[in-house]
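# Descriptive analysis of the structure
Residues per chain, in single letters:
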Amino acid sequence: MDNLWIVLWTAILLSTIVLLYRINRSRIRPSPSSSLPLGTLGWPLIGETLEFISCAYSDRPESFMERRCRMYGKVFKSHIFGSPTIVSIDAEVSKFVLQSDSKAFVPSYPKSLTELMGKSSILLINGSLQRRVHGLIGAFFKSPLMKDQIAREMENYIHISMASWRDDRPIFIQDEAKNIAFQVLVKALISLNPGEEMEFLRKQFQEFISGLMSLPVNIPGTRLHKSLQWLQAKKKMVKLVEKIIKERRNIKPFSSKVPGDVLDVLLNDTSELLTDALISDNMIDLMIPGEDSVPVLMTLAVKYLSDCPAALLQLTEENIKLKSLKDQRGETMSWSDYLSLSFTQTVITETLRLGNVIIGVMRKAMKDVEIKGHRIPKGWCVFAYFRSVHLDETQYDWPYQFNPWRWQDKDISSCSFTPFGGGQRLCPGLDLARLETSIFLHHFVTQFRPLNNEWMAEDDSIVNFPTVRMKRRMPVWVKRRRDHSRRPELPLF
């Protein structure tokens, strides 16, 4: 009798799955005249999400894309994170999507993440409001005044951090980079100095970000499901920013003040689109690079240099040479000096390509769109997957090899290199990310040298999902140079 019930329930379950699958297929199937890319929508409801996540956690996360590329081409259909999706690992198609306006494509994220960010987030808003906010922030970040301020703040926080480094224990580069980058970015955003409010903000932000960077599937019992309760942390941070806004509003006349941070820039704007509520909410979202992408870029650069002694040696020589020259002249390093370090810039560029801090972006089609003979139906998502393009052997020789020298004669403006996205939503802080990483690497190699003429980095591995990070936080053993005010001894390999 028990076996009969098992058979009966199994039959009911299978029938339900088949029914849901047919309903799902009929709901998302485009008109017969359309030419969808080849591919498969996978299982009912979940699509191919589980296989995508399984590959993403592996040592070769792009394997999901590679298998389908061999079967269907560089543009194929799938169903991931609850939506029928066109996946692109074609550089030209991805560029088209990135450069299209909101009439064709708008940002799309899993619902679980949009609930955490909020509808007014700069990552989600569209049209004139997005262009206004993005333009104001981007122009300010590109200004020489802001770059000079960032350079001075980076030097200050690096000095404080590195002063405590010792040679009898490992230094966890990822932790140090996060501590530095977060404080520098918060200073640039709202001019908050170290103290109780900074510590309060950091604590609340880490609670918020732990949910935002969790697995983007809202399953009860998972960290993301719990993090929906952690929205209270964001509310506390917003309340702190609102207090700062109120204090600045009381300063008259506010509009004549030279902007000292991003908050000043947005408050100075006379547009009625930028309400205090929108500004305070977005200040929190703009802090994400300080906890995620920028410190990870710094950490990965150290990781790849530790695996490539020749690159480390050349970068060290370049930085020590410039530092010695500035010391002889009695000059301090300016932001333009840091960016003038040509080989250091190629190291950062190669780190961006190989590390893929941002693996891709998702957009939603607002109308039927034709790209290179492929039809993207209205309502479908497009996943422009940068990682596969950056690791495409037709674009880069030996793509899995860290080779900064490849950029000495290669155009970084190519559509096959999009580490910061592109189009109207190109990351407004891309120049600052390079500057901060340049400053960090400069002080690292000029203040410290490898032990026993070897770069003593402990074994560590890169985790690529849900965000890129080092599994063991990148422990490195270093030894302080005896006198880094003079030309220090170069490492030998």
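Criteria and thresholds
Residues numbered from 1 in each chain as written. Predicted model: local features only at pLDDT ≥ 70, side-chain atom pairs only at ≥ 80, totals over all residues. Heavy atoms only, no water. Helix = DSSP H or I, 4+ residues; strand = E, 2+ residues; numbered from the N terminus. Buried < 20%, exposed > 50% of the residue type's maximum accessible area, 1.4 Å probe, protein only. Contact = heavy atoms within 4.5 Å. Areas by Shrake-Rupley, 256 points an atom, 1.4 Å probe, with all protein chains shown as cover. Patch = residues over 30% accessible without salt bridge, like charges linked within 9 Å, V, L, I, M, F, W, Y side chains within 5 Å. Salt bridge = Lys/Arg side-chain N within 4 Å of Asp/Glu carboxyl O. Axes fitted to C-alpha atoms, helices over the stretch in contact; angles between N-to-C directions. Parallel < 35°, antiparallel > 145°, perpendicular 65-115°, else oblique. Left-handed = near helix turned anticlockwise from the far one by under 90°. Nonpolar A, V, L, I, M, F, W, Y, C, P; charged D, E, K, R; others polar. Pairing = 2+ DSSP bridges. Arc of directions from axis to C-beta.

### Some thoughts on the overall build of the protein
The number of helices and strands found in the protein is 20 helices and 14 strands. In the protein, buried positions account for 54% of the 493 residues. For the protein, the share of sequence-separated contacts (at least 6 apart) that also reach a separation of at least 24 residues comes to 73%. Surface summary for the protein: the accessible area is close to 23100 Å², and the carbon and sulfur share equals 56%.

### Topic: unusual backbone geometry
With the exception of glycine, most residues fall at negative phi, and the peptide bonds are largely trans. Backbone torsion omega between phenylalanine 465 and proline 466 reads 0°, so that peptide bond is classified as cis. A positive phi angle, close to 70°, is found at arginine 473, a residue other than glycine. Along the polypeptide, arginine 473 turns up in the loop between β12 (469-470) and β13 (475-477). If you check the backbone angles, methionine 474 has positive phi at about 60° while not being a glycine. On the basis of relative accessible area, methionine 474 is assigned to the buried category, the value being 1%.

### Considering a nonpolar patch on the surface
On the surface, a cluster of nonpolar side chains totalling about 470 Å² of accessible area is made up of Trp43, Leu45, Ile46 and Leu50. Looking at the element boundaries, tryptophan 43 is found in the loop between α1 (2-28) and α2 (49-56).

### Structural notes on the packing of helix α11 (residues 231-249) against helix α13 (residues 276-285)
Any two packed helices are characterised by how steeply their axes cross, that is the angle between the axes, and by the distance between the axes. Relative orientation of the contacting elements α11 and α13 amounts to 125°, with a least axis distance of 9 Å. The angle between α11 and α13 falls in the class oblique. α13 is crossed by α11, and the crossing has right-handed handedness. Taking contact as the criterion, the partners of Lys234, Met237, Val238, Val241, Glu242, Ile245 and Arg249 in α11 are, on α13, Asp276, Ile279, Ser280, Asp281, Met283, Ile284 and Asp285. Across the contact of α11 with α13, the residue classes tally to seven nonpolar, one polar and six charged.

### A word on the pairing of strand β1 (residues 75-80)
Counting buried residues along β1, six of its six residues qualify, which places the element largely inside the surrounding structure. Side chains Val75, Lys77 and His79 of β1 all project onto a buried face; the interleaved residues Phe76, Ser78 and Ile80 project onto the opposite face, where all are buried too. The pairing of β1 with strand β2 (residues 83-88) spans six bridges and is classified as antiparallel. Each bridged residue has a counterpart across the sheet, and for valine 75 the counterpart in β2 is serine 88. Between the antiparallel neighbours β1 and β2 lie two residues, among them phenylalanine 81 with a positive phi of about 50°.

### Considering the packing of helix α15 (residues 293-306) against helix α18 (residues 342-355)
Between α15 and α18, the least distance of the axes is 9 Å, while the angle of their chain directions is 100°. Taken together, the axis directions place α15 and α18 in an arrangement best described as roughly perpendicular. On the side of α15, the interface is formed by Leu297, Leu300, Ala301, Tyr304 and Leu305, while α18 contributes Val347, Ile348, Thr351, Leu352, Leu354 and Gly355. Within the contact of α15 with α18, the residues separate by chemical class into nine nonpolar, two polar and no charged.

### Some thoughts on the sheet that holds β1
Strand order in the open sheet made by the five strands is β1-β2-β8-β5-β3, with mixed pairing throughout. The strands lining the two open edges of the sheet, one partner per strand, are β1 and β3 (105-107). Averaged over all adjacent pairs, the angle separating strand axes in this sheet is 35°, with direction ignored. Strand direction decides the pairing type here: β2 and strand β8 (residues 381-385), joined by four bridges, are parallel. When the sheet's bridge partners are listed, valine 87 is paired in β8 with phenylalanine 383. Against the sheet, helix α3 (residues 63-72) touches β1, β2 and β8, its axis set at about 130° to β1.

### Some thoughts on the pattern of salt bridges
On inspection of all chains with the given rule, the structure shows 31 salt bridges. For lysine 303, the salt bridge goes to aspartate 307, with nearest N and O atoms at 3.3 Å. In this structure lysine 303 comes out as buried when scored by relative accessible area, which is 14%. Between arginine 353 and glutamate 350 there is a salt bridge, with the nearest N and O atoms lying 2.8 Å from each other. Of this pair, arginine 353 and glutamate 350 both sit in helix α18, three residues apart, which is roughly one turn of the helix.

### Some thoughts on the environment of arginine 406
Residue placement: arginine 406 occurs in the loop between α19 (386-390) and α20 (430-447). Classification of arginine 406 by relative accessible area gives buried; the value is 11%. Sequence separation between arginine 406 and threonine 349 is 57 residues; the distance between their C-alpha atoms is 9.9 Å. Setting aside anything within four residues of it in sequence, one finds arginine 406 in contact with Glu350, Arg353, Tyr396, Asp397, Trp398, Pro399 and Gln401.

### A short note on α2
Looking only at α2, the buried set comprises Thr49, Phe52, Ile53, Cys55 and Ala56. Angular distribution of buried residues about the axis of α2 spans 165°; they occupy a single face of the element. Away from its buried face by more than 90 degrees, α2 exposes Leu50 and Ser54. At its buried positions, α2 is contacted by α3, β1 and β8.

### Notes on the sheet that holds strand β4 (residues 171-172)
Pairing is antiparallel across the open sheet formed by three strands, whose spatial order is β4-β13-β10. Sheet topology places β4 and β10 (456-457) at the edges, where each strand pairs with a single neighbour. Of the pairings in the sheet, the one linking β4 to β13 comprises two bridges and is antiparallel in character. Each bridged residue has a counterpart across the sheet, and for isoleucine 171 the counterpart in β13 is valine 476.

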